[in-house]
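Summary of the model geometry
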Amino acid sequence: MSNIVGIEHDRVTNTTSTDFPGFSADSANTEWSLDYFKENFKLDIKYITERTANFDLIGLDTSIANAFRRIMIAEVPSVAAEYVYIFNNTSVIQDEVLAHRIGLVPLKVDPDQLTWINKEADEKDKFTDDNTIVLSLDIVCSKNPNASPNSTNPDNLYRNHKVYAKNLKFEPQGRQVELFANNPVVPCDPNILLAKLRPGQEISLRVHCILGIGADHAKFSPVSTASYRLLPVIDILKPIVGKDALEFQQCFPNGVIDINEKGEAYVKDSRKDTVSREVLRHEKFNGKVKLGRRRDHFIFNVESTGAMPPEEIFFKSVRILKNKADYLRNCPIANLN
Amino acid sequence: MADTESKPVIAPTNDIEMNEVNNEENLELAVDTSKIQLLPGATSDGFAASFQIIDEDHTLGNALRYMIMKNEDVEFCGYSIPHPSENKLNIRIQTYGKMTAVEAFHKGLEDLSNLCSHVEEVFSTKVANKDYSTEEP
């Protein structure tokens, strides 16, 4: 039972992990052992699509799972627009607002193809074809000479009156011509609206995109969401039958509770539960059901912005944590004598 | 600070020659002498000590605390971020006396690294096997 976080109508119980040697009289197998971990760790991939991954990590502690989640959000590098050089902007959207919007556009670039900017370097040597992607946006809005006279629809009246992310054009520099020949840099979602124009207005700018991490700015985060939840546990303590079973079923999302041929409710798939605790509000189920969550069963959901496959983002987060540990292991400790 | 009884190895010798290239670009390779610091308040026997790590947060702090606490000889381990505006992480370790705090700290880091290696291995074999759905239900 110690593995289950209890969920009652007004509180959660047993929330902290206590699997440490010496915590209690029965703390066998709590000392760290890689073999024991290997035996108990399970990874179950539910699905991986182009943008989303859903998988279960079983048999590790919250502190580790949370480290992976935090790294995916804040420390896995990706490419985003950092400098916007505006030559002309006669639209109603201000330069800095437009620059900010361009910055947030996710770009389809493999971050491994770029190197980090050397902040110490002279301004003229800072940006090279190794570390910078150049995009340009040149758009002029004009009247549509063929517009129907009574039309009030801007799509019919004007040309180029909507500026989309797809209007950002990749300008390969130096060796990027060959490097990106098969996969030119494009926004992951081409139809992000950046600005609106009216006849005579124009935008002309250049964008420098560099490598960065989410801790520095959210635009560098490779995920739109990376989250985990604990596996819900529904314990039916006393049989629930007949009309009550139907009512019981209604307390949970579809597919969680099913009713067998004897008319008795049973848990079919607790993974689908949202743990709304609705069942605990009904007097008649008092003492018949116990809700909980498995403390060492993490259901991860990773949604990529599109630059990297979601499984690669998780993979990188594991490697970043490992590199952190290895790096610190080799760091000398100052003031130690 | 008083002498510790057993002097731990500070860094592998092959890393020392890289000490000169201590600029930001080579941060991952260079030996960074300012990354970890021993804080005042360590006992003279070395069994209890606090360390300060620069540029780390709860991501590493909590994971490392957990790994160190799983060491049988560790009596106490805790971490704190002393101020949210400073990118510093303090971690305190007290042992029962079979190993020094520095050794327990290093063991924690090694265990964490081994854990990550295993997760990485399992995940990459699972992904390579491709025995999962590629459609969102």
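Rules behind the numbers
All residue numbers here refer to positions counted from 1 along the written sequence of the relevant chain. As a convention, the first chain written is A and the first ligand written is 1, with the rest following in written order. The predicted origin of the model limits local features to residues at a pLDDT of at least 70 and limits the giving and counting of side-chain atom pairs to 80 or more, whereas totals for whole chains, interfaces and linings rest on all residues. With hydrogens and water stripped out, all remaining heavy atoms of the structure feed into the side-chain values. UniProt positions are given in the numbering used here, feature names are shortened, and annotations may be inferred rather than shown by experiment. Under the DSSP-based scheme used, a helix requires at least four consecutive residues in state H or I and a strand at least two consecutive residues in state E, with every element numbered from the N terminus. Salt bridges are defined by distance alone: a side-chain nitrogen of Lys or Arg within 4 Å of a carboxyl oxygen of Asp or Glu. Any residue under 20% of the maximum accessible area for its type is buried, any over 50% is exposed, and the rest in between are partly exposed; the area is computed with a 1.4 Å probe on protein chains only. Following DSSP output, two strands are said to pair if at least two bridges run between them. We call two residues contacting when some pair of their heavy atoms lies within 4.5 Å. To obtain each axis, a line is fitted to C-alpha atoms, and for helices this fit is confined to the stretch in contact; angles are then taken between N-to-C directions over 0 to 180 degrees. What a helix is expected to span follows from its residue count: subtract one and scale by 1.5 Å. In short, buried area is how much 1.4 Å probe accessible area vanishes from two parts on joining, totalled over both. A 3.5 Å cut-off defines polar contacts: any pair of N or O atoms within that distance qualifies, except that in protein one atom must be a possible hydrogen donor and the other a possible acceptor, and neighbouring residues in sequence count only when both atoms are side-chain atoms. Basically, the charged four are Asp, Glu, Lys and Arg, the nonpolar ten are Ala, Val, Leu, Ile, Met, Phe, Trp, Tyr, Cys and Pro, and anything else, Gly included, counts as polar.

- Going by what an unreviewed UniProt entry lists, chain B is known as DNA-directed RNA polymerases I and III subunit RPAC2 and is assigned to Pichia kluyveri.
- In its Subcellular location (unreviewed entry) section, the UniProt record describing chain B reads: "Nucleus".

- An unreviewed UniProt entry lists chain A under the name DNA-directed RNA polymerases I and III subunit RPAC1, from Pichia kluyveri.
- The UniProt entry for chain A carries this comment under Subcellular location (unreviewed entry): "Nucleus".
- Recorded under Sequence similarities (unreviewed entry), the UniProt text for chain A is reproduced unchanged: "Belongs to the archaeal Rpo3/eukaryotic RPB3 RNA polymerase subunit family."

**Here's the deal with the UniProt feature "domain: DNA-directed RNA polymerase RpoA/D/Rpb3-type" (unreviewed entry) in chain A**
- The UniProt record annotates "domain: DNA-directed RNA polymerase RpoA/D/Rpb3-type" (unreviewed entry) at residues 52-331 of chain A.
- Annotation note: span residues 52-331 of chain A, helix share 22%, strand share 31%, distance between end C-alpha atoms 37 Å.

**What about the pattern of salt bridges?**
- Taken as a whole, this structure holds 27 salt bridges over all chains when the rule is applied.
- Across the salt bridge formed by D19(A) and K70(B), the nearest N and O atoms sit 3.4 Å from each other. Taken together, the residues D19(A) in the loop between β2 (12-13) and α1 (34-40) and K70(B) in the loop between α2 (58-69) and β3 (74-80) connect one chain to another.
- Judged by its relative accessible area of 25%, D19(A) is partly exposed.
- In this structure, the salt-bridge partner of D130(A) is R175(A), at a minimum N-O distance of 2.7 Å. Taken together, the residues D130(A) in the loop between α4 (123-126) and β6 (133-140) and R175(A) in the loop between β10 (169-170) and α6 (176-179) connect sequence positions 45 residues apart.
- Since its relative accessible area comes to 30%, D130(A) is described here as partly exposed.
- For R175(A), a relative accessible area of 35% translates into the label partly exposed.
- Through salt bridges with shared partners, a single ionic network connects E75(A), K324(A), K35(B) and E56(B).

**Focus: the sheet that holds strand β1 (residues 36-38) of chain B**
- One open sheet holds the five strands; their spatial order is β17(A)-β1(B)-β2(B)-β4(B)-β3(B), and the pairing between them is mixed. On the outer flanks of this sheet lie β17 (333-334) of chain A together with β3 of chain B, each paired with one strand and no other.
- As defined by bridge partners, β3(B) adjoins strand β4 (residues 88-95) of chain B across six bridges and the pair is classed as antiparallel. Among the inter-strand pairings, V74(B) is bridged to a residue of β4(B), identified as T95(B).
- Across the sheet, α2(B) touches β2 (48-54), β3 and β4 of chain B, and the angle it forms with β3(B) is around 175°.

**Points about helix α2 (residues 62-74) of chain A**
- With 13 residues, α2(A) extends 18 Å between its outermost C-alpha atoms, agreeing within 8% with the 18 Å of an ideal straight helix rising 1.5 Å per residue.
- In this structure, the buried residues of α2(A) make contact with β4 (52-58), β13 (223-236), β16 (289-304) and α8 (310-329) of chain A together with α2 and α3 (101-129) of chain B.

**A few points about the interface of chain A and chain B**
- On the side of chain B, 64 residues touch chain A, which itself brings 49 residues to the contact.
- Summing both partners gives a buried area of about 5700 Å² for chain A against chain B, and 65% of it is carried by carbon and sulfur.
- Here chain A is connected to chain B by five salt bridges.
- E110(B) serves as the salt-bridge partner of R329(A), at 2.5 Å between the closest nitrogen and oxygen.
- In this assembly, chain A and chain B are joined by 20 residue pairs in polar contact (both at pLDDT 80 or more).
- Within the residue set of the side of chain A that touches chain B, elements represented by two or more residues are α1, β3 (42-48), β4, α2, α8 and β17 of chain A.
- Per element, the largest residue contribution to the side of chain A that touches chain B is 13 residues, and it comes from α8(A).
- In terms of residue class, the side of chain A that touches chain B is built from 28 nonpolar, eight polar and 13 charged.
- Pairing of β17(A) with β1(B) involves two bridges; the strand directions are parallel.

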